[in-house]
Amino acid sequence: MSQRFHYGPWLAAAFVAATGLVAWKYYPRDAAPAPATATAPAAAVAPVLDPAPTAVPDAYPIDAVPVLPDAPATPLPPLDQSDAEAMAALAAAAGGADLGPFLRLEFLLPRLVATIDALPRSTVTQNVYAARPVAGTLGVATRDGGTWLDPANEARYRAAVALFEAVDSRQLVSAYVRFYPLLQQAYRDLGVPDRQFNDRLVEVIDHLLAAPTPPGPLALVPVPDKPRWAFADPTLEAASVGHKAMIRLGPEQAARVKAKLRELRTLLAGQRPAA
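Here the structure is a predicted model, which is why all the values come from computation and not from measurement. (Residues numbered from 1 in each chain as written. Predicted model: local features only at pLDDT ≥ 70, side-chain atom pairs only at ≥ 80, totals over all residues. Heavy atoms only, no water.)

Colleague: What should I look at first to understand the pairing of strand β1 (residues 140-143) in this one?
Modeller: Side-chain positions along a regular strand alternate between the two faces of the sheet. Bridging between β1 and strand β2 (residues 146-149) involves four bridges; their strand directions are antiparallel. The residue of β2 that forms the bridge with Val140 is Leu149. What sits between the antiparallel neighbours β1 and β2 is a turn of two residues, in which Asp144 has the positive phi angle 55 degrees. (Pairing = 2+ DSSP bridges. Helix = DSSP H or I, 4+ residues; strand = E, 2+ residues; numbered from the N terminus.)

Colleague: I tried to follow the pattern of salt bridges on my own but got confused; where do I start?
Modeller: Pairs can form between side chains of opposite charge whenever their charged atoms are close. Per the stated rule, a full pass over the model turns up eleven salt bridges. Asp117 serves as the salt-bridge partner of Arg200, at 2.9 Å between the closest nitrogen and oxygen. Of this pair, Arg200 sits in helix α6 (residues 197-209) while Asp117 sits in helix α3 (residues 108-118); the two residues are 83 residues apart in sequence, bridging distant segments of the chain. Residues Arg200 and Asp117 agree in their burial class; the two are buried. In this structure, the salt-bridge partner of Arg256 is Glu252, at a minimum N-O distance of 3.3 Å. Separated by four residues within a single helix, Arg256 and Glu252 lie in helix α9 (residues 251-268), roughly one turn from each other. With a relative accessible area of 24%, Arg256 lands in the partly exposed category. (Salt bridge = Lys/Arg side-chain N within 4 Å of Asp/Glu carboxyl O. Buried < 20%, exposed > 50% of the residue type's maximum accessible area, 1.4 Å probe, protein only.)

Colleague: Looking at this model, I keep getting lost on the confidence of the model for the protein. Mind explaining?
Modeller: Close reading of the predicted structure is inappropriate where its pLDDT is low. Mean pLDDT over the protein: 80, with 78% of residues reaching 70 or higher. Low pLDDT (under 50) marks residues 2-11, which in the prediction has 50 contacts with non-local residues, meaning those over four places away or in another chain. Low confidence marks residues 13-55, where pLDDT is under 50. Its contacts with residues over four positions away, or in another chain, come to 83 contacts. (pLDDT = per-residue confidence, 0-100. Contact = heavy atoms within 4.5 Å.)

Colleague: What is the right way to read the pairing of strand β3 (residues 219-222) from this model?
Modeller: Sheet analysis places β2 next to β3, joined by two bridges and oriented antiparallel. In the strand pairing of β3, Trp148 is matched with Ala219. Relative to strand β4 (residues 229-231), β3 is paired through three bridges, and the arrangement is antiparallel. For Pro222, the partnering residue across the bridge sits in β4 and is Trp229.

Colleague: Whenever I open this one, the packing of helix α2 (residues 83-93) against helix α5 (residues 169-189) confuses me. Can you help?
Modeller: Packed helices, taken two at a time, are described by the angle their axes make and the gap between the axes. Direction vectors running N to C along α2 and α5 enclose 160 degrees, while the axes themselves pass 8 Å from each other. In terms of axis orientation, α2 runs roughly antiparallel to α5. In this structure, the crossing between α2 and α5 has a hand that is right-handed. Every residue of α5 that contacts α2 at Glu85, Ala86, Ala89, Leu90, Ala92 and Ala93 is listed here: Gln171, Leu172, Ala175, Arg178 and Phe179. Of the residues that constitute the contact of α2 with α5, the class distribution is eight nonpolar, one polar and two charged. (Axes fitted to C-alpha atoms, helices over the stretch in contact; angles between N-to-C directions. Parallel < 35°, antiparallel > 145°, perpendicular 65-115°, else oblique. Left-handed = near helix turned anticlockwise from the far one by under 90°. Nonpolar A, V, L, I, M, F, W, Y, C, P; charged D, E, K, R; others polar.)

Colleague: I keep staring at the sheet that holds β2 and nothing clicks. Help me out?
Modeller: Backbone-to-backbone hydrogen bonds pair the strands of a sheet. The strands run either parallel or antiparallel. The strand order β1-β2-β3-β4 describes an open sheet built from four strands, whose pairing is antiparallel. Only two strands of the sheet have a single partner each, and these edge strands are β1 and β4. Direction aside, the axes of adjacent strands within the sheet are offset by 45 degrees on average.

Colleague: Help me understand the environment of His243 in this model?
Modeller: Note on placement: His243 falls in helix α8 (residues 241-249). Judged by relative accessible area, His243 falls into the buried class, the value being 12%. Sequence separation between His243 and Leu208 is 35 residues, and the spatial gap between their C-alpha atoms is 6.2 Å. With near-sequence residues (within four places) excluded, His243 lies in contact with His207, Ala210, Ala211 and Pro212. At 2.7 Å, the side chain of His243 and the backbone oxygen of His207 are in polar contact. (Polar contact = N/O pair within 3.5 Å; in protein donor to acceptor, adjacent residues only side chain to side chain.)

Colleague: Looking at this structure, I do not really get the packing of α5 against α6. What am I missing?
Modeller: Look at α5 against α6: their axes get within 9 Å of each other, and the N-to-C directions meet at 95 degrees. As the angle between them shows, α5 and α6 are arranged roughly perpendicular. Here α5 contributes Tyr176, Tyr180, Leu183, Gln184 and Tyr187 to the contact with α6, which in turn contributes Phe197, Asn198, Arg200 and Leu201. Residues belonging to the contact of α5 with α6 are distributed by class as follows: six nonpolar, two polar and one charged.

Right, here's the structure in full:
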C-alpha cells in the first residue's frame, strides 16, 4: 500500500465519460495461439466448414445511453489533439472547476482509459495514472506496539470526493457519448478489439461498488526494503487497485463515492434515473 494515494483509481471511473484517447498500448494482451492446422486427406467432396463465430452482443449498447437534448454534436478532434477539448468537457461537467490540481494534463485521455481498465487488477503501471498524487504522506498511528492507518488520513481526499459528487452526471455522460468513438478506438489500442468499452466501464463500476468496507482500525506493516506500508491483513493487501482505493477513502467517503457511481451506472446502462 503506497504512501501516496492517487485519485485516478476511483475518480477516473466518472471522468472518463468525457474523454478520447491517444493510441497507446499500455496493456497489450497476448494473442491466443493459432490452432494447429491438420492436413486434410484427399476427398471427393469438399469438407464441411464450421459456421462463422457469432459476435457477442453488447451488454450495454452505447446507442441506448441517454443524452441531454442540447448536447453538442460538433466534430471530434483528432486523438492526439484532444486533451484541451476533453479537459474543457470535464470541467464543464464539474461546474467549471479547475481540474488541474487533480488530473495530469499531458496525455490525459489515454491515461484515464488505461487507469479504468486496470482498476480490477492487483497492480497498475504508475505511468498510466491520469490523476496527480494527493498532497502529503500517508497518515499512520502507533498504538499498543502496532501501526494503524490513521482515520485522520481520510481528510486528504475530502476535496476530491466533494468535486466528484458535484459533477453533473447527465452532462458528463452526454459528453461521454459524444467522445465514445475515440474511447472505443482507444480501447482497441489496449488490445481488446472485439468488445465495447461501455461494457467494460459498467463492469469496472460494478467492481468498485463491490469494494468491501472492512471494520477499522486497519493494521499496517512495513514493506521490507521499501519506503511504504502494506495492509497487515493479507486479504486486504491482495485486493485490487480499485478496492484498495475505496478502502483508503474511509467508510463515509467511500459510501458517497459509491452513491455517485450508482447514478452514473444507471445512465451508462441505458436507464433514466428516477426523478
